[in-house]
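Below, each chain spelled out in residue letters.
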Amino acid sequence: VAARLLLRVLYQQVLGATETRTHELAGLYQEHFEDYIRIGVDAEILDPRLLEYDFAKLTAALDAEADQKFLFQGMQVLHDRYLIRDRKQNVIELPQWMWMRVSMGLALIEKEGEREERAIEFYNQIKDFWYIPSTPTLFSSGTTHPQLSSCYLNTVEDSIEGIFKVYTDNARLSKWAGGLGTDWTPVRATGADIKGTNGKSQGLIPWLKIDNDVAIAVNQGGKRKGAHCGYLETWHMDIEDFVELRKNVGDERRRTHDINTANWIPDLFMKRVMNDEPWTLFSPDEVPELHDLYGRQFEEAYERREAQFDADEIIGKRVDAKALWRKMLTMLFETGHPWITFKDPCNVRSPQDHVGVVHSSNLCTEITLNTTKDETAVCNLGSVNLGRHIKDGAIDYERLAQTIKTAVRMLDNVIDINYYPTVEAERANMQHRAIGLGTMGYQDMLYQLDIPFASDAHLELIDELYERYSYEAISASADLAEERGAYPTFKGSKWDRGVFPLDTVDLLEKERGVPIECDRTKRLDWDSLKRRVKAGGLRNSNIMAVAPTATISNIVGTTPCIEPTFRNLYVTSNLSGEFTLINQWLVNDLDAEGLWNPEMAETLKAVDGKLDRIPNIPDRLKEKYPDIFDLDMIWLIRADALRGKWIDQAQSLNLFVSKVSGKYLHELYTTAWKAGLKTTYYLRSLGASQVEKSTVDQTKFGKTHKRQEEGSEQVSTGPQLCAIEDPECEACQ
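About the cut-offs
Residues numbered from 1 in each chain as written. Predicted model: local features only at pLDDT ≥ 70, side-chain atom pairs only at ≥ 80, totals over all residues. Heavy atoms only, no water. Helix = DSSP H or I, 4+ residues; strand = E, 2+ residues; numbered from the N terminus. Rg over C-alpha atoms; globule rule 2.2 N^0.38 Å. Buried < 20%, exposed > 50% of the residue type's maximum accessible area, 1.4 Å probe, protein only. Contact = heavy atoms within 4.5 Å. Areas by Shrake-Rupley, 256 points an atom, 1.4 Å probe, with all protein chains shown as cover. Lys, Arg positive; Asp, Glu negative; His and termini not counted. Charge placed at Lys NZ, Arg CZ, Asp CG, Glu CD. 1 Å grid on protein atoms, 1.4 Å probe; cavity = no way out; pocket = protein on both sides within 12 Å on 5 of 7 lines; lining within 4 Å. Points joined across faces, edges and corners; volume = space filled by probe spheres on them. Nonpolar A, V, L, I, M, F, W, Y, C, P; charged D, E, K, R; others polar. Polar contact = N/O pair within 3.5 Å; in protein donor to acceptor, adjacent residues only side chain to side chain. Phe/Tyr/Trp six-rings, centres within 6.5 Å; stacked < 30°, edge-to-face > 60°. Lys NZ or Arg CZ within 6 Å of the ring centre and 35° of its normal. pLDDT = per-residue confidence, 0-100. Expected span 1.5 Å × (residues − 1).

Novice: Quick question: what am I supposed to make of the overall build of the protein here?
Specialist: Helix and strand counts for the protein come out as 27 helices and 18 strands. Its C-alpha radius of gyration of 26 Å places the protein within 12% of the 27 Å reference for a compact globule of 733 residues. By principal-axis analysis of the C-alpha atoms, the protein measures approximately 85 × 70 × 55 Å. Put simply, the protein has 733 residues, and 62% of those count as buried. Contacts spanning at least 24 positions in sequence make up 77% of the contacts within the protein whose residues lie at least 6 apart. Surface summary for the protein: the accessible area is close to 27,200 Å², and the carbon and sulfur share equals 48%. Where the 86 positive side-chain charges of the protein centre and where its 113 negative ones centre are 1 Å apart.

Right, dumping it as structure tokens:
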């Protein structure tokens, strides 16, 4: 009801229409579409090339009734931030016009005579929520500045010129809604020599403080906060100060409250932690080769440098590996940072190992692309809505293949249409043409299939599903290579060598010298696909990456990324306000059981949606709809490993903990490493208190504002839960 009321307001604002019956609205939608495009072009907001389309064909395809698919939160977010506004900030765009404008923008490079058909194909894909492009694409497709890419990864040179160039690049990239991952490892450590002045360096931290201020000053096109993440390798001598950057106490000049941080951890460090051995920290200006090495070559070079340190030939610092690891996990629990990401799996499994090194991930830890001083890695994102691909109680693989084929084409088009804020970004994107096809609606899919997240049936399903997803995505890129040509650096890549994502799990195990705890089962005919790729190449160096999908999931009313539902009833905040969200799948099941009534609704509010506190709920529903903080996170890690064996990049994996236990955190992250995971994302914890429910009958439920549930273990006194789409940490999608 709220969504339809907001739509009614929108129709009045844009069309002057107070009557919104479908048959009349459809006529108004079609009648004024070309006028809207002309108004946008005249205002120098929309690309003049949009006027070259055959509007008769496009307007006939507009589906006004599709507006009814939006829920209130999605409609509010669209209205506030996505729909095009004129220079006076008046909304001039309707939802279906937006989908068509995005589709027209993405079809601009299609062959003449085919543009309208492709635009309509793209539009039908988006408006029915099969697939949704990332936020930058929705913001800017079809505009005069089509910066459609989601993520940028760059690296810093250890010089005044190099460092300030990164600030300038980050400002330009952030202005056009790009999320940034910057590799800061090359910057010399505190106390290192400055040869030019014969002085001593202040180290890395002051430079990160400036980057923090750049993120604040240059937001994402005035539409959301700047989003930067700094990465540092674990052997850097400033690592102990780096892990404390997000603390809320201490010298504010050495704190960065507005950028994210991530540890870039080599396998050797994890081995030292497991074996309770020492670890040596260095300044990168004395050991520059460590930055570009990984696997056994890194281990050999690192041990040579340790021998030099023992002989007093270079400066360094000897620490206990387990103590440093404990500090990293403590800061992660207290502040949510730095995230835990693993250098060696990202590099050993990279298909582009023949032309460079992966020095970091991105803002949301799902992109693993090479970076150099001459190449800023770019990734172009969009996500398949798995919840829409269920038919007759099973996954509709035929429809999924069709969705993926169209989605990969849309993502590849982004590369040629894109506005590039820096020459380094354009160079990398044109050379490697990386895309990141992701997924969302994952938990919605499981609900419809009646499969609990914490079950072997779930693991069996996703292994089969993501093998098909990978197969179809690679096939779609091979189709484009046959039509448009392979990406320029294809020769010599793992793809060219017949080494596909599943094969790289064995490579990692061999390089690491430690078993990878991940099943290697495969079901499809990969050999024939390898022969086809060898003969015709691929259009894209990297094809798959599972991003957080925060905002786009909210827009289409589905669950984000690959996560279980946060809670069955909760309040979330974003830049469009606060929204009370209830799990509609649960409501449907309760209704089918004859249990959905006003009393049940009030009970759910009183217990924060936790079904295990409601006696008359069937056990099978409690298993199907658990509170995420009651799930053993090992299930999330096992699922991530199975998906990850099919994916050439990485996944944004959040972990959720409710108890203060260093032992449990150690178990989680060492399990993640042993399973071969490339990266992890936020560690989300609960606050020590909960909000009062003023509408709940206290005579029936008592006070609902409690620091601790009676008889339960005390939860974290750390930060409140980082919401799925909090204004302070909005994800790149």
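Back to the text.
Novice: Just checking my understanding: could you explain empty space enclosed by the protein for this structure?
Specialist: Any empty space left between the atoms is revealed when a probe the size of a water molecule rolls over them. Evaluated as defined, the whole model comprises eight cavities of 30 Å³ or more. Reported here for the largest cavity is a volume of approximately 150 Å³. Lining the largest cavity are 18 residues; nearest its centre among them are Arg 349, Gly 644, Gly 676, Leu 677 and Lys 678. Looking at the lining of the largest cavity residue by residue, the class counts come to nine nonpolar, five polar and four charged.

Novice: Explain the side chain of Lys 645 to me, please; I cannot follow it from the model alone.
Specialist: One can find Lys 645 in the loop between helix 25 (634–644) and strand 17 (655–657). Judged by relative accessible area, which is 1%, Lys 645 ranks as buried. A distance of 3.2 Å separates a polar atom in the side chain of Lys 645 from a polar atom in the side chain of Asp 463. A polar contact of 3.1 Å, which involves the side chain of Lys 645, links it to the backbone oxygen of Thr 521.

Novice: How do you make sense of the packing of aromatic side chains when you look at a structure like this?
Specialist: We describe a pair of aromatic rings using the distance from one ring centre to the other and the angle between the two ring planes. Counted under the stated rule, the structure contains 31 aromatic pairs. With a centroid separation of 5.1 Å and 75 degrees between ring planes, the pair formed by Trp 495 and Phe 500 is classed as edge-to-face. Classification of Phe 500 by relative accessible area gives buried; the value is 3%. Here a set of aromatic residues connected by ring pairs shows up, and it is made of Phe 269, Trp 279, Phe 282, Phe 298, Tyr 302 and Trp 325. Arg 399 extends its terminal NZ or CZ atom over the ring of Trp 130, reaching a point 4.1 Å from the ring centre. The ring of Tyr 397 carries Arg 468 above its face, with NZ or CZ at 4.4 Å from the centroid.

Novice: I tried to follow the confidence of the model for the protein on my own but got confused; where do I start?
Specialist: As a general rule, the predicted coordinates of low-pLDDT regions are not to be interpreted in detail. Model confidence for the protein is summarised by a mean pLDDT of 90, while 91% of its residues fall at 70 or above. Scored below 50 in pLDDT, residues 706–733 shows 100 contacts in the model against residues more than four places distant or in partner chains.

Novice: Is there a simple way to explain helix 18 (residues 456–484) in this structure?
Specialist: Helical periodicity: at 3.6 residues per turn, an α-helix aligns residues three or four positions apart in one direction. The first and last C-alpha atoms of helix 18 sit 42 Å apart over 29 residues, in line with the 42 Å expected at 1.5 Å per residue. One or two steps after helix 18, the chain reaches Gly 485, where phi turns positive at roughly 105 degrees.

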